Structures are given as structure tokens and as C-alpha cells.
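# Fold and contact review
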Amino acid sequence: MDLGLKGKVALVAAASKGLGKAVAEELANEGVSLILCARDSVELQKTCDEIREKSKVPVLGITTDLGKSEEIEKLYQSGMDEFGQIDILVTNVGGPPAGIFENLSRQNWENSTNLLLTSVLDLTRLVLPQMKERGWGRILNITSIASKQPVDNLILSNSLRAAVTGFAKTLANEIAPFGITVNNILPGYTRTERVIQLAETIAQKEGITPEEATSRWTSEIPMKRLGEPHEFAALAAFLVSERASYITGSSIAVDGGWIKSLF
Ligand code: NAD
């Protein structure tokens, strides 16, 4: 299937590793020019070099803390200076701290709201006018299965992903007449560095093996395994493509069947 993505420009946030990187790689394979950001400049430049080398597309890496609006503004401006347009926005950020309500402070809520919700608003606010002008655009938010089925001990993620979902659904209706779609893609347990490290931390703490820690998650997944980042990225590429022109306001999981609800 030709996704019709060749020659488009995408800004992929938090893309030095994990799911963001996998999405960037998939888009590069489709001939999309990239603006990537992350906080760690060494890792980010390594990722940019790797993708540029492999896919021969232009890749711009801008070190950015997505918790800071002024850095997001700089990221957008650098991307516009380099490419003149941004057709696709993929929002993403590192996960918030785990914890139950009584163990989290006001500061925890403020920081996580800033990262998980405000960064999405900031990025969207910036890219929208030029998308509207051209009558074409794709906004895809990487959220979590937690937005459909709350995960124990993750009250920050459960709450803030739901806020992003409400925002995205409303915005999708507002800007649909301009040829711009807004969707959410919900990762389930996927084998990224973060998840591997989490399994190692649990294993050390509880005196079990990382495999045993992982199997606690996989036992609840109908497919009985973790997802792979490239399986997630395949849907992301489709959702931002020309081919997904009539899909908007949707939240689609890539979770091996983990979510138990009908919709
Ligand atoms: P990861 O830790 O592997 O990668 C996170 C990326 O975000 C890195 O590139 C990092 O540099 C960047 N980043 C972190 N904080 C940043 C900041 N303040 N500013 C700029 N960049 C920042 O994580 P991942 O596993 O790829 O997860 C990505 C998102 O998906 C997270 O929000 C996570 O909670 C969510 N998620 C992941 C899974 C999973 O199983 N991997 C499941 C559900 C939800």
C-alpha cells in the first residue's frame, strides 16, 4: 500500500529512543523528512545520524525539554526554518512517575500536567495555523492503554491521558473541515528501554528474574508477549498517512488485546 507520505515533513516529539524513535524510523522509511526532539542531546544526535544514514531523508534534531514552553517554541521555529512546513505532528513524552494519590504531591501533578498535557497543547497550537493554511495535517498523540482502562498505581498517567483524549476528540471535531485529523494511539506493554529497565528494577527489588517480572505483565495480555516498537510504529505511520483521511477523533490501542472493554 502506498501511504502517500513521501515528501511530507513530520515533527516527532521525544524521539531519541523507544516508541518515538520507532515512529520516526517508520516515517523515514516512507520518505518523510523529520524534526526530532528529546532532552538528551547525545542520544538524540545518535538517533538522527542513524536514521539519516539508513533512510537518506533529512533529519533535524533539536534538544528540547518538553516541559518548557519556550523550548517547544524554539523547536517549532527551528523546524519551520529548516523545512518551511510541518505536515505531521506526533506528540510524545516520557512517562510520569508511578504512585497512588496519597503518595503524590501537588508538585508531581503540576510537573506531569506540564509534560503530558501542556506540551501537547503547546505543540498543537504552534503547528495548527500552517496546517490549516495548506488544508492538510495529521496530529497523532501517543498516549497509553491507561486512557481506556486505568492501570493500578498509575493515577497520574490514568488522569492526564484521559485529559489528552478529551482534548483530542474535541479538537478533531473543530478542525475536521480543514483536512486535519487528530487521533490517539495507545501503546500497551511494549519492549522499549524503559520497560526493560522497569522489569530489571522490579526484579532486583523483589529478588526475582527480569523474565519473571515481565511475565506478570504478559500473563494479562491475550497474546502472552510484549509488543515490539515496530508493531506500534506501523499503525502510527498509517494513521498519519493520506490513506487514513477519514479517521479522526479515534483512540486506537496496540496492546495485544490487553484492554478489556468493547470500544
Ligand atoms: P522511553 O523512556 O523509551 O522514551 C521516552 C523518550 O522521551 C526518550 O526519547 C526521552 O529522551 C524523551 N523524553 C523524556 N522526557 C522528556 C522531556 N521532558 N522532554 C523531551 N523529551 C523527553 O519511553 P517509551 O517506552 O518509548 O514511552 C513513550 C510514551 O509512551 C511514554 O509516555 C510512556 O508512558 C507511554 N507508554 C509506554 C508504554 C510501553 O510499554 N513502552 C506503555 C504505555 C504507555
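Because the structure is a prediction, the values reported are computed rather than measured.

The next subject is the packing of helix α4 (residues 106-134) against helix α5 (residues 155-175). Any two packed helices are characterised by how steeply their axes cross, that is the angle between the axes, and by the distance between the axes. Interaxial distance between α4 and α5 falls to 9 Å at its minimum, and their mutual angle equals 20 degrees. By the angle class used here, α4 and α5 are roughly parallel. As for how α4 packs across α5, the hand of that crossing is right-handed. Along the contact surface, α4 presents Asn108, Trp109, Ser112, Thr113, Leu116, Leu117, Val120, Leu121, Thr124 and Leu128, while α5 presents Ile155, Leu156, Ser159, Leu160, Arg161, Ala163, Val164, Phe167, Leu171 and Ile175. Across the contact of α4 with α5, the residue classes tally to 14 nonpolar, five polar and one charged.

Domains assigned within the chain are domain 1 (9-188 + 228-254) and domain 2 (191-226). Averaged C-alpha coordinates put domain 1 and domain 2 at centres separated by 25 Å. Buried surface at the junction of domain 1 and domain 2, both sides included, amounts to about 530 Å², of which 41% is carbon and sulfur. Joining domain 1 to domain 2, the criterion identifies three salt bridges.

Given two aromatic rings, one states the distance between the centres and the angle between the planes to describe the pair. Tallied over the entire structure, the rule returns three aromatic pairs. Between the aromatic rings of Tyr189 and Trp217, the centroid separation amounts to 5.5 Å while the plane-to-plane angle is 15 degrees, which identifies the pairing as stacked. Of the two residues, Tyr189 sits in the loop between β6 (180-187) and α6 (193-206) while Trp217 sits in helix α7 (residues 210-218), which places them 28 residues apart along the sequence. Taking relative accessible area as the criterion, Tyr189 reaches 21% and is therefore assigned partly exposed. On the basis of relative accessibility, which here comes to 13%, the residue Trp217 falls in the buried class. Among the aromatic residues, those joined into a cluster by ring pairs are Tyr189, Trp217 and Trp258. For Lys8, the ring lying beneath its charged end belongs to Trp136, and the centroid distance is 3.9 Å. Positioned over the ring face of Phe178 is Lys132, at 4.4 Å from the centre of the ring.

Reading the values: rules and limits
- Residues numbered from 1 in each chain as written.
- Predicted model: local features only at pLDDT ≥ 70, side-chain atom pairs only at ≥ 80, totals over all residues.
- Heavy atoms only, no water.
- Axes fitted to C-alpha atoms, helices over the stretch in contact; angles between N-to-C directions.
- Helix = DSSP H or I, 4+ residues; strand = E, 2+ residues; numbered from the N terminus.
- Parallel < 35°, antiparallel > 145°, perpendicular 65-115°, else oblique.
- Left-handed = near helix turned anticlockwise from the far one by under 90°.
- Contact = heavy atoms within 4.5 Å.
- Nonpolar A, V, L, I, M, F, W, Y, C, P; charged D, E, K, R; others polar.
- Domains from an automatic or database assignment.
- Buried area = accessible area lost by both parts, 1.4 Å probe.
- Salt bridge = Lys/Arg side-chain N within 4 Å of Asp/Glu carboxyl O.
- Phe/Tyr/Trp six-rings, centres within 6.5 Å; stacked < 30°, edge-to-face > 60°.
- Buried < 20%, exposed > 50% of the residue type's maximum accessible area, 1.4 Å probe, protein only.
- Lys NZ or Arg CZ within 6 Å of the ring centre and 35° of its normal.

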